[in-house]
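# Summary of structural features
Spelled out, the chains give:
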Amino acid sequence: MKIIIIGAGQVGGTLAEHLAGEANDISVIDLDDRRLRELQDRLDIRTVQGMGSHPDVLVRAGIEDADMLVAVTNSDEINMAACQVAYTLFRTPTKIARIRSRAYTAGNMAERLFNETNFPVDFLITPEQVVTDYIYRLVEQPGALQVLDFANGLAQLVAVRAIKGGPLVGREIRFLKQHMPNVDARVAAIFRRDRPIFPEGNTVIEEDDEVFFIAAKKNIRKVMGELRHLEKPYHRLVIAGGGNIGYRLAHALEGRYNIKIIEHNLERCQYISEHLNKTVVLNGSATDQDLLQEENIEKTDVFLALTNDDEVNIMASLLAKRLGAGKVMTLINNPVYADLVQGGEIDIAISPQQATTSTLLSHVRRGDTVSAHSLRRGAAEAMEIIVHGDSKTSKVVNRAIEEIKSPPGVTLAALVRGEEVLIAHHDTVVENNDHAIVFVVDKRRTREVEKLFSVGFTFF
């Protein structure tokens, strides 16, 4: 695909990195020449310096025959204008815009604004909401490192760290069924010391393995109990940072959890306290040891550091952990920091770029891809693909899993058929309109997966 990305910041740069390695023709536009040079030194892409909403700049980037425009600058207005120009002058087929302000999306405003009559944006990306949803799922599943929803939440792919004492740790995967005869689940991948292991029946799960498994949402807790001691549901949360993400998360959770927000800006504190019902809002610094101790940090189940400053988030998390917080989750923009700290005193490092890139990937993937999630800092990917065709036009329809020639390192992990979650076994037969959930250990294989699920011309 020929894709133009406007904005070479963290979201645009991460997306360009994901897509450049997949034989796409990528152009990146930004006003900052230094950012563009840094990207071009690392990636095989074209860069254009200039204002992304200006027609002449878009022409230099190749808009005239582009398949997609992705506008992800920090300015909602520039992103909206770029999509308008691309549609009006060049009839660009797919236009995606990053929209941060709730003024454009609250209520039914998005439906009224973003359409062919007004602002022709095909898909909106709201990073703060994406990250909020990501953290929400982690709070809902205590002990998980990552939680992904498929088929409107019917199935979930969950990553957990196997710990000593788990019933399945030190045993072969095939014993999972014996332990839980009434629960169907599938281990989709194992990462051991950052190396992927393709799971087979005789693969032994070791302590500290990062295990990705898929099951119906209602069965997730039972499967987690096989790999680690089940953690009790969380009750007390402390959120450091009352910005968009901290505020949205508190708003989503305050009905069921005891929540405190620490925010250093007094005006923001007043705004949050007026707009939230049950959340306790504290004016102060999340790195203030006395404040944390006064608020009984040692009784907190989860401390969430969600300010827009990586260093503050890391220091506040380390301090909270040292003072007795049960779990710490830390928002970290710099991927180098994230890799350094996760798994030590910081339990989960949350990458906003990875979460946002995942929402963009589903629009870039060919075929009827409903969702695509970037995993392991972009090394792996999980895809939900709607299956189409019949025995003549499809390589997968009306075939058992054992008959399907999947690319190396690819696991067809589950099917969702209507409201039913079918964990894939060797004799499971794929049907037309199934939602196939596919785990790709090496994301360079995603094109081969797309071809596997593509439909021959006779189907149409």
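Our structure's up above, just so we're on the same page.
These lines cover the structure that appears in this document, whether it is placed above or below.

Bringing the overall build of the protein chain into the picture now. Across its full length, the protein chain holds 15 helices and 22 strands. Considered along the principal axes of its C-alpha atoms, the protein chain spans approximately 65 × 60 × 40 Å. Within the protein chain, the fraction of its 460 residues that count as buried is 55%. For the protein chain, restricting intrachain contacts to residue pairs at least 6 apart in sequence, the fraction spanning at least 24 positions comes to 60%. By element, 48% of the accessible surface of the protein chain is carried by carbon and sulfur atoms, the whole surface being about 20600 Å². The average position of the 53 basic charges and that of the 63 acidic charges among the side chains of the protein chain differ by 4 Å.

The subject of this paragraph is the packing of aromatic side chains. As enumerated under the stated definition, the model contains 4 aromatic pairs in all. An angle of 70 degrees between the planes, with centres 5.8 Å apart, marks the rings of phenylalanine 191 and phenylalanine 212 as edge-to-face. In this pair, phenylalanine 191 sits in strand 9 (residues 185-192) while phenylalanine 212 sits in strand 11 (residues 210-216), placing the two residues 21 residues apart along the sequence. For the pair phenylalanine 212 and phenylalanine 439, a centre-to-centre distance of 5.3 Å together with 55 degrees between the ring planes defines the contact as tilted. Of this pair, phenylalanine 212 sits in strand 11 while phenylalanine 439 sits in strand 22 (residues 435-440), and the two are 227 residues apart along the sequence. There is no split in this pair, since phenylalanine 212 and phenylalanine 439 are both buried. A cation over an aromatic ring shows up here: arginine 171 above the ring of phenylalanine 175, its NZ or CZ 4.2 Å from the ring centre.

Among the structural elements, threonine 279 can be located in the loop between helix 10 (266-275) and strand 14 (280-283). At 2.8 Å, the side chain of threonine 279 forms a polar contact with the side chain of glutamate 254. Discounting chain neighbours no more than four positions away, the residues touching threonine 279 are Ala250, Glu254, Ile259, Lys260 and Ile261.

All told, the structure shown has 21 salt bridges when counted by the stated rule. Residue arginine 34 is joined to glutamate 38 by a salt bridge in which the shortest nitrogen-to-oxygen separation is 3.0 Å. Of this pair, arginine 34 and glutamate 38 both sit in helix 2 (residues 33-42), 4 residues apart, which is roughly one turn of the helix. The partly exposed category is assigned to arginine 34, whose relative accessible area is 46%. Look at glutamate 38 and you get partly exposed, because its relative accessible area is 43%. Residues joined in a network through salt bridges with shared partners are Asp32, Arg34 and Glu38.

This paragraph deals with the sheet that holds strand 8 (residues 155-161). The strand order across the open sheet built from 5 strands is 7-8-11-9-10, with neighbouring strands paired in antiparallel fashion. Where the open sheet ends on each side, the last strands, each with one partner, are strand 7 (146-150) and strand 10 (195-197). Across the sheet, the axes of successive neighbouring strands diverge by a mean angle of 20 degrees, strand direction being ignored. Bridging between strand 9 and strand 11 involves 6 bridges; their strand directions are antiparallel. Paired with valine 187 across the strands is phenylalanine 213, a residue of strand 11. Strand contacts of helix 8 (residues 220-227): strand 8, strand 9 and strand 11, with the helix running at about 155 degrees to strand 11, the strand carrying the most contacts.

With that settled, consider the side chain of aspartate 310. Within the element layout of this structure, aspartate 310 appears in helix 12 (residues 310-322). Within the local environment of aspartate 310, its side chain forms a polar contact with the backbone nitrogen of asparagine 334, the two atoms lying 2.8 Å apart. Those residues within four positions of aspartate 310 in sequence are excluded, and the remaining contacts are Leu331, Ile332, Asn333, Asn334 and Tyr337.

Turning our eyes to something else, we now look at the pairing of strand 16 (residues 327-331). A regular strand places its side chains on the two faces of the sheet in alternate fashion. Most of strand 16 sits out of view: 5 of its 5 residues are buried. Residues of strand 16 alternate between two faces, with Lys327, Met329 and Leu331 on one and Val328 and Thr330 on the opposite face, all of them buried. Pairing between strand 15 (residues 302-305) and strand 16: 4 bridges, direction parallel. The residue bridging valine 302 from the neighbouring strand is lysine 327, located in strand 16. For the segment spanning strand 15, helix 12 and strand 16, crossover handedness is right-handed.

This part covers the environment of glutamate 254. Mapping glutamate 254 onto the fold places it in the loop between helix 9 (244-253) and strand 13 (258-263). If we ignore the near neighbours within four places in the chain, the residues touching glutamate 254 are Ile259, Leu276, Asn277, Lys278 and Thr279.

Our focus in this paragraph is unusual backbone geometry. It is generally the case that most residues other than glycine have a negative phi and that most peptide bonds are trans. Within the chain, arginine 91 stands out as a residue other than glycine whose phi angle is a positive 50 degrees. Within the secondary structure, arginine 91 is located in the loop between helix 4 (76-90) and strand 5 (94-98).

Quick look at the environment of threonine 428 now. If you trace the backbone, threonine 428 turns up in the loop between strand 21 (420-423) and strand 22. In the structure, threonine 428 is positioned 351 residues away from glutamate 77 in sequence and 49 Å away in space, judged by C-alpha atoms. Excluding residues within four positions of it along the chain, threonine 428 makes contact with Arg399, Ala400, Ile401, Leu415 and Ile423. Reaching out from threonine 428, the side chain makes a polar contact with the backbone nitrogen of histidine 425 at a distance of 2.9 Å.

So, about the nonpolar core. Grouped together as the largest cluster of nonpolar side chains are 73 residues, with contacts concentrated most on Ile135, Leu157, Leu237, Leu304, Ile350 and Phe439. Core analysis: the next-biggest nonpolar cluster, separate from the first, contains 42 residues, Ala16, Ile45, Ile96 and Ile125 among them.

What follows concerns the layout of surface pockets. Of the pockets and cavities examined, the largest pocket occupies roughly 950 Å³. Considering the residues around the largest pocket, the lining is formed by 46 residues, among which Arg98, Arg100, Glu128, Asn308 and Asn333 are closest to the centre. Broken down by secondary-structure element, the contributors of at least two residues to the lining of the largest pocket are helix 1 (10-20), strand 2 (25-30), helix 6 (127-140), helix 9, strand 13 and helix 14 (352-364). Looking at side-chain class alone, the lining of the largest pocket contains 17 nonpolar, 22 polar and 7 charged residues.

Rules behind the numbers
The written sequence of each chain sets the order in which its residues are numbered from 1. Thresholds applied to this predicted model are a pLDDT of at least 70 for local features of residues and 80 or more for the giving and counting of side-chain atom pairs; totals over whole chains, interfaces and linings are not thresholded and use all residues. Water and hydrogen atoms play no part in the side-chain values, which are based on all heavy atoms of the structure. Where helices and strands are cited, they refer to DSSP runs of H or I of at least four residues and of E of at least two residues respectively, numbered from the N terminus. Throughout this description, buried means an accessible area under 20% of the type-specific maximum (1.4 Å probe, protein chains only), exposed means over 50%, and partly exposed covers the range between. Here, two residues are considered to be in contact whenever any of their heavy atoms come within 4.5 Å of each other. Shrake-Rupley sampling with a 1.4 Å probe provides the accessible areas, and residues are treated as covered by the protein chains on show and by no other component. We score Asp and Glu as negative and Lys and Arg as positive, and we do not count His or the chain ends. Charged groups are reduced to one reference atom each: NZ for lysine, CZ for arginine, CG for aspartic acid, CD for glutamic acid. Each pair of aromatic rings taken from Phe, Tyr and Trp, with Trp reduced to its six-membered ring, is defined by centres within 6.5 Å and is described as stacked if the planes are under 30 degrees apart, edge-to-face if over 60, and tilted in the remaining cases. Any Lys NZ or Arg CZ that is within 6 Å of a ring centre and within 35 degrees of that ring's normal is treated as a charge sitting over the ring. Whenever two N or O atoms come within 3.5 Å, that pair is a polar contact, provided that in protein one can donate a hydrogen and the other can accept it, and provided that, for residues adjacent in sequence, both atoms are side-chain atoms. What makes a salt bridge here is a side-chain nitrogen of Lys or Arg within 4 Å of a carboxyl oxygen of Asp or Glu, nothing more. Pairs of strands are assigned from DSSP output, requiring at least two bridges between the strands. Axes, fitted as lines to C-alpha atoms, cover a helix only where it is in contact. Angles between the N-to-C directions of the axes lie from 0 to 180 degrees. When the strands point away from the viewer, a crossover counts as right-handed if the path from the first strand over the helix to the second runs clockwise. For this analysis, a nonpolar core means a set of buried residues of the types Ala, Val, Leu, Ile, Met, Phe, Trp, Tyr and Cys, connected via side-chain atoms within 4.5 Å. Residues are said to line a cavity or pocket when one of their atoms sits within 4 Å of a point; the points come from a 1 Å grid over protein atoms alone, cavities being sets where a 1.4 Å probe fits but cannot get out and pockets being open sets with protein on both sides within 12 Å along at least five of seven lines. Grid points are joined across faces, edges and corners, and a volume is the space filled by probe spheres set on the points. When residues are grouped by polarity, Ala, Val, Leu, Ile, Met, Phe, Trp, Tyr, Cys and Pro land in nonpolar, Asp, Glu, Lys and Arg in charged, and all others, Gly among them, in polar.

Remember that the coordinates give geometry; whether it matters functionally is a separate question.
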